[in-house]
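Below, each chain spelled out in residue letters.
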Amino acid sequence: MNSPWISELVATAAAPYRAVGCFAWHFARGKLRGDPIFTALLERGLIPPQARIHDLGCGQGLLAAWLRAAQSRYVAGDWPRNWPPAPQPTWIHGMEMMPRDVWRARRALGESAEFVQGDIRTGDFGPADVVVIFDVLHYFNFSVQDRVLRRVRDSLCPHGVLLLRVGNTAGGLRFVLSYWVDLLVIMARGHRLRRLYCRSVANWTGALESLGFTVDALPMSRGTPFANVLLVARLRKAHG
Ligand SMILES: C[S@@+](CC[C@H](N)C(=O)[O-])C[C@H]1O[C@@H](n2cnc3c(N)ncnc32)[C@H](O)[C@@H]1O
C-alpha cells in the first residue's frame, strides 16, 4: 500500500464534507483513513466496473465519496499500477435511517449519488449489481437479519455481489472489544438499542449459502483492535 498516496485519496474523498461541518469532515477523514475496508475495496477490485450499487445503512455516504474520489484519480491517470481499475459505478443509492446523516450525505455529494431516508428492514431497494452493508445488520435481531438478507438476495441481478461487513463472535477478546465500542457508539448516536445481535463467521456463511451465495471471508481489521470480517457473497446463478 502506498501510504502518502492513500492519504491524498482520503483528503480528496473527505474534502466535500468540509462545507457540511467540522464533525462531518473530521469523521470522514478519520474513518476513511483508519478503516481498512475502504482501501481493500479498491486494492482487491471488489466492486465490478459500471455497477449499480445499493449502500444500505450508508451513514453520511462515505462509500460514495470514496468511490468518487477514486474514480477522479483513476481518470487523471494517478492510480497504483498493481491495482485493478477503479470502479465507475452507474449509480450509487444510499439508504439511511438517521435524517442528520442523510442531510450530510446529500449536502456533501450533491447529485453524484442519491440518498434516501429509509429503514432497510422495510424500504424498497430495487435491482442492483452490488449491495453493500457495512456494520449495520447487528442492529437487528436474527430473524430480521435473515429477512433483510433474503430481500437483498432477491434484489441482486444474476452474479450480483453482496459485500457484508460483520463482527465475528469467534474473534475472542477482539470481538468483545468491538462489541462494546459498537454498542457505546450506537447509543451515543441516538439509537435506542440495549444489545447487538452478532454471529460467528461460520454462522453468517451458513445463512448466506442457504440463500444461494458462495462466500469468501476476508479479515478486515488491519490496523485496528477489532474482529471485523468482510464477507464477499456472490450469487450463484440458480437460487431457490
Ligand atoms: C456503524 S454505522 C455504518 C455506516 C456506514 N455503513 C459506514 O460503514 O460508514 C451503521 C449505520 O446504519 C444505520 N442504520 C441502523 N439501522 C438502520 C435501518 N433500520 N435502516 C437504515 N439505516 C440503519 C445507522 O443509522 C448508521 O448510520
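Everything numeric here is computed off the predicted structure, so don't read it as measured data.

Peer 1: Explanation requested: the overall build of the chain in the structure shown.
Peer 2: Secondary structure assignment for the chain yields 8 helices and 7 strands. Taken over the C-alpha trace, the chain has a radius of gyration of 17 Å; the compact-globule value for 240 residues is 18 Å, and the two agree within 12%. Based on the C-alpha atoms only, the size of the chain along its principal axes is roughly 45 × 40 × 35 Å. A burial count over the chain gives 52% of its 240 residues as buried. A fraction of 71% describes how many contacts in the chain between residues 6 or more apart in sequence connect residues 24 or more apart. Of the roughly 11,500 Å² of accessible surface on the chain, 55% is carried by carbon and sulfur atoms. The centroid of the 29 positive side-chain charges in the chain is displaced by 4 Å from the centroid of its 18 negative side-chain charges.

Peer 1: Help me understand the site of the ligand in this model?
Peer 2: For the ligand, the set of nearby residues contains 19 residues, the closest of which are Gly57, Glu96, Asp119, Arg189 and His191. In the model, a nitrogen atom of the ligand is placed 2.8 Å from a nitrogen or oxygen of the aspartate 119 side chain. Residue histidine 191 places a side-chain N or O atom 3.0 Å away from an oxygen atom belonging to the ligand. Taking 590 Å² as the accessible area of the ligand by itself, protein coverage stands at 90%. Residues that form the shell around the ligand fall into these classes: 8 nonpolar, 4 polar and 7 charged.

Peer 1: What am I meant to see in the pairing of strand β2 (residues 91–96) here?
Peer 2: Remark: a regular strand shows side chains that alternate across the two faces of the sheet. One ladder, built from 5 bridges, connects strand β1 (residues 52–56) with β2; its direction is parallel. Bridge assignment links leucine 56 to a residue of β2, and that residue is methionine 95. Handedness of the crossover joining β1 and β2 through helix α4 (residues 62–75): right-handed. The sheet contact formed by β2 and strand β3 (residues 114–117) spans 4 bridges and is parallel. Bridge pairing in β3 places glutamate 96 opposite glutamine 117.

Peer 1: Help me understand the nonpolar core in this model?
Peer 2: Tyr17, Ile53, Trp66, Leu163 and Leu230 are the most contacted members of the largest nonpolar core, which has 49 residues in total. Of all elements in the fold, only α1 (3–14), α2 (22–34), α3 (36–43), α4, α5 (99–109), β4 (128–134), β5 (156–167) and β7 (228–235) reach the threshold of two or more residues within this core. Per-element tally for this core: the top contributor is α4, with 8 residues. Structurally, this core is a two-domain feature, drawing no fewer than three residues from each of domain 1 (1–42 + 57–120) and domain 2 (135–240). Sequence-distant contacts of leucine 230, that is, excluding residues within four places in its chain, are made with Ile37, Leu46, Phe134, Leu163, Leu164, Arg165, Asp216, Ala217, Leu218 and Met220. Formed by 28 residues, the second largest nonpolar core is a distinct cluster that contains Leu137, Val144, Leu149 and Leu164.

Peer 1: Can you walk me through the pattern of salt bridges in this structure?
Peer 2: When the charged atoms of two side chains lie near each other, side chains of opposite charge can form a pair. What the rule picks out here adds up to 12 salt bridges. For lysine 31, the salt bridge is made with aspartate 135, and the minimal N-O distance between the two is 4.0 Å. Of this pair, lysine 31 sits in helix α2 while aspartate 135 is found in the loop between β4 and α6 (142–155), placing the two residues 104 residues apart along the sequence. You can call lysine 31 partly exposed: its relative accessible area is 27%. Residue aspartate 129 pairs with arginine 52 through a salt bridge whose shortest N-O separation is 2.9 Å.

Peer 1: So what exactly am I meant to see when it comes to the sheet that holds β7 here?
Peer 2: Note on sheets: strands pair through backbone hydrogen bonds, and any given pair is parallel or antiparallel. The 7 strands lie next to each other as β3-β2-β1-β4-β5-β7-β6, forming an open sheet whose pairing is mixed. The open sheet terminates on both sides in strands that have one partner only, identified here as β3 and β6 (213–219). For this sheet, the mean inter-axis angle between neighbouring strands, taken without regard to orientation, is 15°. Where β1 and β4 come together, 3 bridges link them in parallel fashion.

Peer 1: Would you mind going over the packing of aromatic side chains with me for this structure?
Peer 2: Given two aromatic rings, one states the distance between the centres and the angle between the planes to describe the pair. For the structure on display, the rule yields 9 aromatic pairs. The interplanar angle of 85° and the centroid separation of 5.7 Å between the aromatic rings of tyrosine 74 and tryptophan 79 together place this pair among those described as edge-to-face. A residue is classified by how much of its surface remains accessible, and tyrosine 74, at 30% relative accessible area, is partly exposed. On the basis of relative accessibility, which here comes to 13%, the residue tryptophan 79 falls in the buried class. Each member of the aromatic cluster is reached from another via a ring pair, and the members are Trp5, Tyr74, Trp79 and Trp83.

Scoring rules and cut-offs
- Residues numbered from 1 in each chain as written.
- Predicted model: local features only at pLDDT ≥ 70, side-chain atom pairs only at ≥ 80, totals over all residues.
- Heavy atoms only, no water.
- Helix = DSSP H or I, 4+ residues; strand = E, 2+ residues; numbered from the N terminus.
- Rg over C-alpha atoms; globule rule 2.2 N^0.38 Å.
- Buried < 20%, exposed > 50% of the residue type's maximum accessible area, 1.4 Å probe, protein only.
- Contact = heavy atoms within 4.5 Å.
- Areas by Shrake-Rupley, 256 points an atom, 1.4 Å probe, with all protein chains shown as cover.
- Lys, Arg positive; Asp, Glu negative; His and termini not counted.
- Charge placed at Lys NZ, Arg CZ, Asp CG, Glu CD.
- Near = heavy atom within 4 Å.
- Polar contact = N/O pair within 3.5 Å; in protein donor to acceptor, adjacent residues only side chain to side chain.
- Nonpolar A, V, L, I, M, F, W, Y, C, P; charged D, E, K, R; others polar.
- Pairing = 2+ DSSP bridges.
- Right-handed = clockwise from strand over helix to strand, strands pointing away.
- Core = buried A, V, L, I, M, F, W, Y, C linked by side-chain atoms within 4.5 Å.
- Domains from an automatic or database assignment.
- Salt bridge = Lys/Arg side-chain N within 4 Å of Asp/Glu carboxyl O.
- Axes fitted to C-alpha atoms, helices over the stretch in contact; angles between N-to-C directions.
- Phe/Tyr/Trp six-rings, centres within 6.5 Å; stacked < 30°, edge-to-face > 60°.

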